[in-house]
Amino acid sequence: MTADGAMEAAGAREERRLVTCLFIDIVGSTELTARVGPERQKRALDAAFEEVRARIATEGGTVEKYIGDAVYALFGAPSSHADDPLRALRAAHACREWAARPDAPFAVRIGVETGEAVVDLTAAAMTHQRMSVGAVVNTAARLEQAADPGQILVGPRCHEVTATSARFRALGPMTFKGLAPMEVWELEAPGEATTSIDLPFVGRSGDLEILRLAYRRSQERAVLALVTGPPGQGKTRVVRELFDGIGREPVVARFRPRGELGATAPLRGLLGGTNGPEEVANALGQLPASERERISRGVLHSSGLVPDERLGQLNAEERLDEVVHAWRRFLAARSSGSTPIVWFEDVHWADEEAVRLLDRLTLSTEPLLLVATARPEFAQASGLRPSGDRFFVELGPLDTRDAQELASAAGAPDRSLVERAQGNPLFIVELARAGTGPAELPLTLQGALGARLDELALTERDLLSRAAVAGETFDVEDVAALTGREPNEIAAALGRLADLLYLRRVGTAYRFHHGLLRDVAYGRLLVADRMRLHARLAMDPGRTLDAEVRAHHWWEALGPPDSEWVWDDAAERATMRAAAVAAHLAAAEGHLARNDGPRAETVLARASHLADDPSSAAAIARARGRAATMDRRGDDSWAHYTRAAELYRSIGQVPADMYPEWLRAPIIGYGSFHHLPDQREIRAILDEGVRRAGESADRATQARLDVLRAIASNDVVLATNAVERAADALPARELASALADVAALQFQSGDLDAMSRMVDRLRSLVEATSDPEVLFVTRRRLALWKGDLAEAHRLAIALDEATRSVGPHLRSHTLATLAWQAAAEGDWAWLRRVGAEMLALVRRNDGTKFCAMAHSGLSTVALGEIRDGRMDEAREIAARARALNDEPDAPDPSVTVLLGDRSPLAVEPAGSSPHAWTEYGIACIVANDRERAEAALTHLDAIATRGAWLAGATAAAMRDELSGASLAGSGHAALRERGYVGHSEILTLRAGR
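Residues numbered from 1 in each chain as written. Predicted model: local features only at pLDDT ≥ 70, side-chain atom pairs only at ≥ 80, totals over all residues. Heavy atoms only, no water.

Points about the overall build of the protein chain
Within the protein chain, the regular secondary structure consists of 48 helices and 16 strands. Projecting the C-alpha coordinates of the protein chain onto the three principal axes gives extents of approximately 110 × 70 × 55 Å. In the protein chain, 117 side chains carry a positive charge and 141 a negative one; their mean positions are 2 Å apart. (Helix = DSSP H or I, 4+ residues; strand = E, 2+ residues; numbered from the N terminus. Lys, Arg positive; Asp, Glu negative; His and termini not counted. Charge placed at Lys NZ, Arg CZ, Asp CG, Glu CD.)

Re the sheet that holds strand S16 (residues 509-512)
As summarised here, the arrangement of the 3 strands in space is S14-S16-S15, forming an open sheet in which the pairing is antiparallel. Across the chains shown, the open sheet's two edge strands, defined by having one partner strand only, are strand S14 (473-474) and strand S15 (503-506). Here S15 runs beside S16; their pairing, made up of 4 bridges, is antiparallel. Its bridge partner lying in S16, Arg505 is registered against Tyr510. (Pairing = 2+ DSSP bridges.)

Regarding the confidence of the model for the protein chain
When pLDDT is averaged along the protein chain, the result is 86, and 93% of the positions lie at 70 or above. Averaged over each element, pLDDT in the protein chain is lowest for helix H1 (residues 3-11) (43) and highest for strand S6 (residues 152-154) (96). Here residues 1-12 scores under 50 on pLDDT; set against residues more than four positions off or in separate chains, the count is 18 contacts. (pLDDT = per-residue confidence, 0-100. Contact = heavy atoms within 4.5 Å.)

Observations regarding the environment of Val223
The topology assignment puts Val223 in strand S9 (residues 222-228). Its relative accessible area of 0% is what places Val223 among the buried residues. The residues touching Val223, leaving out its near neighbours within four places in the chain, are Ala214, Arg217, Ser218, Thr362, Leu368, Leu369, Leu370, Asp389 and Phe391. (Buried < 20%, exposed > 50% of the residue type's maximum accessible area, 1.4 Å probe, protein only.)

Description of the nonpolar core
Met658, Trp662, Leu663, Val707, Val723 and Leu784 are the most contacted members of the largest nonpolar core, which has 113 residues in total. When neighbours within four sequence positions are excluded, Met658 is seen to be in contact with Arg622, Tyr641, Ala644, Ala645 and Tyr648. (Core = buried A, V, L, I, M, F, W, Y, C linked by side-chain atoms within 4.5 Å.)

Quick word on the packing of helix H27 (residues 570-593) against helix H29 (residues 614-630)
It is the contact of H27 with H29, at a shortest axis distance of 11 Å, that shows an interaxial angle of 20°. Taken together, the axes of H27 and H29 are roughly parallel relative to one another. In the crossing of H27 with H29, the sense of the turn from one axis to the other is left-handed. On H29, the residues that touch Val581, Leu585, Glu589 and Leu592 of H27 are Ser616, Ala619, Ile620, Ala623, Arg626, Ala627 and Met630. A per-class count over the contact of H27 with H29 returns 8 nonpolar, 1 polar and 2 charged. (Axes fitted to C-alpha atoms, helices over the stretch in contact; angles between N-to-C directions. Parallel < 35°, antiparallel > 145°, perpendicular 65-115°, else oblique. Left-handed = near helix turned anticlockwise from the far one by under 90°. Nonpolar A, V, L, I, M, F, W, Y, C, P; charged D, E, K, R; others polar.)

Section: the pattern of salt bridges
Tallied over the full model, the rule gives 78 salt bridges. Arg101 is the partner of Asp103 in a salt bridge, and the nearest nitrogen-oxygen pair spans 3.3 Å. Among the residues examined, Asp103 registers a relative accessible area of 56% and is labelled exposed. Asp929 is the partner of Arg932 in a salt bridge, and the nearest nitrogen-oxygen pair spans 2.9 Å. (Salt bridge = Lys/Arg side-chain N within 4 Å of Asp/Glu carboxyl O.)

Quick word on the sheet that holds strand S10 (residues 251-254)
The strand order across the open sheet built from 5 strands is S10-S11-S12-S9-S13, with neighbouring strands paired in parallel fashion. For this open sheet the edge positions go to S10 and strand S13 (390-394), each flanked by a neighbour on one side alone. Going across the sheet, the axis of each strand differs from the next one's by a mean of 15°, ignoring polarity. In this sheet, strand S12 (residues 368-374) lies alongside strand S11 (residues 341-345) in parallel orientation, the contact comprising 4 bridges. Its bridge partner lying in S12, Trp343 is registered against Val371. Taken strand by strand, helix H8 (residues 205-217) contacts S9, S11, S12 and S13, and its axis lies near 165° from that of S13.

Considerations on unusual backbone geometry
Leave glycine aside and you will find that most residues have negative phi; peptide bonds, for their part, are mostly trans. A cis geometry characterises the amide bond from Ala77 onward to Pro78, with omega recorded as 5°. For Pro78, the position within the fold is in the loop between strand S3 (70-75) and helix H4 (84-99). Phi at Arg204 is positive, roughly 60°, even though this residue is not glycine. We note that Asp346 has phi near 55°; this positive angle belongs to a residue other than glycine. Looking at where Asp346 falls in the secondary structure, it is placed in the loop between S11 and helix H14 (352-361).

Describing the side chain of Asp84
In this fold, Asp84 is placed in helix H4. Buried within the structure, Asp84 lacks any salt-bridge partner; its nearest side chain of opposite charge belongs to Arg87, at an N-O separation of 4.5 Å. A polar contact of 2.7 Å, which involves the side chain of Asp84, links it to the backbone nitrogen of His81. Sequence-distant contacts of Asp84, defined by excluding residues within four places in its chain, comprise Thr20, Phe75 and Gly76. (Polar contact = N/O pair within 3.5 Å; in protein donor to acceptor, adjacent residues only side chain to side chain.)

As for the pairing of S12
Of all 7 residues in S12, 7 are buried, a share of seventy percent or more. As defined by bridge partners, S9 adjoins S12 across 7 bridges and the pair is classed as parallel. Its bridge partner lying in S12, Thr228 is registered against Ala374. The parallel pair S11 and S12 is bridged by H14, and the resulting crossover is right-handed. (Right-handed = clockwise from strand over helix to strand, strands pointing away.)

Topic: the packing of aromatic side chains
For the coordinates displayed, the defined rule picks out 11 aromatic pairs. Feature note: the residues Trp638, Tyr659 and Trp662 constitute an aromatic cluster, connected by ring pairs. Here the guanidinium or amino end of Arg452 rests over the ring plane of Tyr502, the centre of that ring lying 3.9 Å away. Over the ring of Phe747 we find Arg781, and its NZ or CZ is 5.0 Å from the ring centre. (Phe/Tyr/Trp six-rings, centres within 6.5 Å; stacked < 30°, edge-to-face > 60°. Lys NZ or Arg CZ within 6 Å of the ring centre and 35° of its normal.)

Section: the state of the cysteines
In total, this model carries 0 disulfides according to the counting rule given. Left unpaired, Cys21 is separated from the closest cysteine sulfur, that of Cys158, by 10 Å. Relative accessible area serves as the criterion here: at 0%, Cys158 is assigned to the buried category. (Disulfide = S-S within 2.5 Å.)

Let's talk about the packing of helix H37 (residues 772-786) against helix H46 (residues 949-963)
Each pair of packed helices gets described by two things: the angle between the helix axes and the distance between those axes. Here H37 crosses H46 at 35°, and the two axes come no closer than 5 Å. Where H37 approaches H46, its residues Leu784, Trp785 and Lys786 are matched on the opposing element by Trp949, Leu950 and Ala951.

Observations regarding helix H40 (residues 828-844)
Compared with the 24 Å implied by 1.5 Å per residue over 17 residues, the 24 Å span of H40 between its first and last C-alpha is a close match. Taken together, the buried positions of H40 are occupied by Trp828, Trp830, Leu831, Val834, Gly835, Met838, Leu839, Leu841 and Val842. Residues of H40 that are buried sit in contact with helix H38 (789-802), helix H39 (808-825), helix H41 (852-867), helix H42 (871-884) and helix H48 (981-987). (Expected span 1.5 Å × (residues − 1).)

Observations concerning the environment of Arg109
Mapping Arg109 onto the fold places it in strand S4 (residues 107-120). With sequence-adjacent residues up to four places away left out, Arg109 is seen in contact with Phe23, Ile24, Asp25, Val27, Glu144, Gln145, Ala147, Asp148, Pro149, Gly150 and Gln151.

A closer look at the side chain of Thr918
Inspection of the secondary structure assignment puts Thr918 in helix H44 (residues 914-926). Look at Thr918 and you get buried, because its relative accessible area is 1%.

Observations regarding the environment of Asp69
You can see Asp69 is positioned in the loop between strand S2 (62-67) and S3. Given the relative accessible area of 25%, Asp69 is considered partly exposed. With 743 residues separating them along the chain, Asp69 and Ser812 place their C-alpha atoms 67 Å apart.

Re helix H21 (residues 476-483)
Along H21, 6 of the 8 residues are buried, which leaves the element largely enclosed by surrounding structure. Looking at H21, one finds that the buried residues are Val476, Asp478, Val479, Ala480, Leu482 and Thr483. Here H21 starts with a cap whose side-chain oxygen sits 3.2 Å from the backbone nitrogen of Glu477, and that cap is Asp475. Downstream of H21 by a residue or two, Gly484 has a phi angle that is positive, lying close to 75°.

Details of the pairing of S16
Bridge analysis of S14 against S16 gives 2 bridges, and the strand direction is antiparallel. By the bridge assignment for S16, Phe474 is matched with Tyr510. Turn length for the S15-S16 hairpin, with the two strands adjacent in sequence and antiparallel, is 2 residues, and the turn residue Gly507 shows positive phi of about 65°.

Here it is as structure tokens:
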């Protein structure tokens, strides 16, 4: 059989499932044999097995097998429930109580644990067949063997999920043969599943008001309030909030799935504890005896307590009429003059007769409030007749603010948790309380969502599991490819699942109603089946897949540790790996084109794991070098390119066009290094690149290397000439990048006029590049220093919009730019918002190496805090800025001076950078250091003569401060006239004030 054929055969009958295993050992059978003989011993043991089996079945468990004197039972297969671990504990406790009776011939010892197992659903339909395999089975068995008679030992995962619903005694760590040491608990008593009622009620104010309106209307006539929503959406909580608010407790009919405990007689809950004809009659008070008898017959018959032969002989409509009349009179009598209040909970499980009863009860002029909670599909499927006295409340997800409030109350305000829960209150609370990692799902939610899946037929569950391989969103063709079924058949099946709210329609595609449901459906596939299905999508030549999507499927097919076991044909595996590496490289190229270095690095790290030949490994190392350069991780960039060169040399020569990429970080991005390579090594590689470019007659590479050589020499004229010579050899995109590099060098040299001419050339090439540095940063810098603050603002906003999806390092460049712009304009509220985003970015990306731009941006944020008198906040932000980057120079010396440290004034800036000399000059002013300020003025005046308007205006305002004119001076007036209000304000600050 082929691999796909094996999967098709296995996939329909085997699943990975969350189960709770229960081992019960019957203690004392050997001694009994010695006393009474084997025949009587067998009869007693069979009777004991039946007692145990009945108690297990009552809680919804399945006996898998009898092993000697032991019973092995499973909860969670073939059907699961949201509370399977608690059900298993209740069954264990019931068996212990049976064994503790004086007439019981045996004692029991019991072990219970929860975990994942592979379950054979075909075996589940047969008697005592092996249906489950997994470490959890062995653990439960070891716990049972370690228990004393009468003792129930519980493993850590079962305890974790039932800790708030049962009472335990901690026994500490125990060691079992073949298993790692584990914490063990003894069950003292089980309980009932707890709810999140202790948490505050958030959101839903509009929904609650509709229910209050229904209650007010019910004082005059019968009213139905139907509250619908998916599991976990808060139906019970909003109804409970209504009843708590009005101070009334309803009588409750709880409906359950057919075959489950309590499913056959839900209406008994409406009797309020009365259980027989005499009790019901007494509850009816002073009504005439004939009326009491008639009402009793109706309610006792419909609740399943006492069948009535006369009612049974009536036709359906007549019998319903009698039952409705009986319940109306009974509920009214029990309410003692108040409006009767009834709650039909989970009415989507109700049979047709109960739904008709609900319908008829609320078509009356007699006061009654009937609140029903149900899944969304019930409202349409039930056929309830519309009426002005029927209120329909459909609960949607909580909005972001309410979801955040609920998560905070549950102890985990993490925004990513809120996003993962997608507004579902139960999911928010359980994710928050579990404290699991981002890839883990709490056992409580696995159980709840697994139970939801098990409401479907096996074929529908299998379809959802396979659809989950395609992702959270998929189309008919995806599922047809994954199931091998016809598209029209798949379309009908998906439509039904959408009607049942397992899926929702998104245009022509479908999406899982909740991402966590997709996770559980996907998790039920066997690992080998998952891998084969992912490979099926990755290899499908007829499907047009995004490069990243194809790479994802290849990784899921080949990346897991079981890869060599699943793909045991070495030749087939090698072919697949080659295709997978190609897909990953294509996906990485897309990320690099969007300036998203971190995502490219993630894809390339996976590609590196899959590559098994030097050529592929070299291409991957080179691409990782590009990603590191983009994200300003200089040391990583150098290491990756060096490794790529070694691999290329092992099979031939280094591609000539790799040298400019390799050298860009150490020559242009040297600030991104912790340890800059030796300059002699850089020059040697530059010379080697020039030779290789000459050998290959690659003019474009020669031009790139000429520009890099000129920039490395820090010679503006040489660099300008080099880029002129390169103009006809470089593609427009690369020429734009080279122009931006030279413009940056011209800025550092203080020649803004030359920079203006370079930027004029750059403007003609902006359509050829998507690089934000080229498009916005260089032009904004020029506009700012030329005195065009409005244009600088426009370009800063454009930069912000263009870089929202880039990696954290490049995003920090944008936020620093916004901080500088806000500070220049004196928009301190904007500066504070930018600062909050920068701090959040840094916290979320603790492992990212940020550069001096992030340091400077946060320092500017600290400057705003100083200006507003929040010195403690400023010190905290400045400390955070210093921790980001280990370069010795303080990017914003005025902040350091204002916080009481004058050391930045000791060393003047090197070169003629307008930014460096302006910052230094401002620092001298705020420190009241007249001598150094006047020395700085000489440099600023010289820089101003070469086109830096802002340097000249700053110098004039500095003179205003030195003369005592301050804001009344002409320099401040010039700054403020062009909008540089913040620049002017900062000059008026003084250290020590």
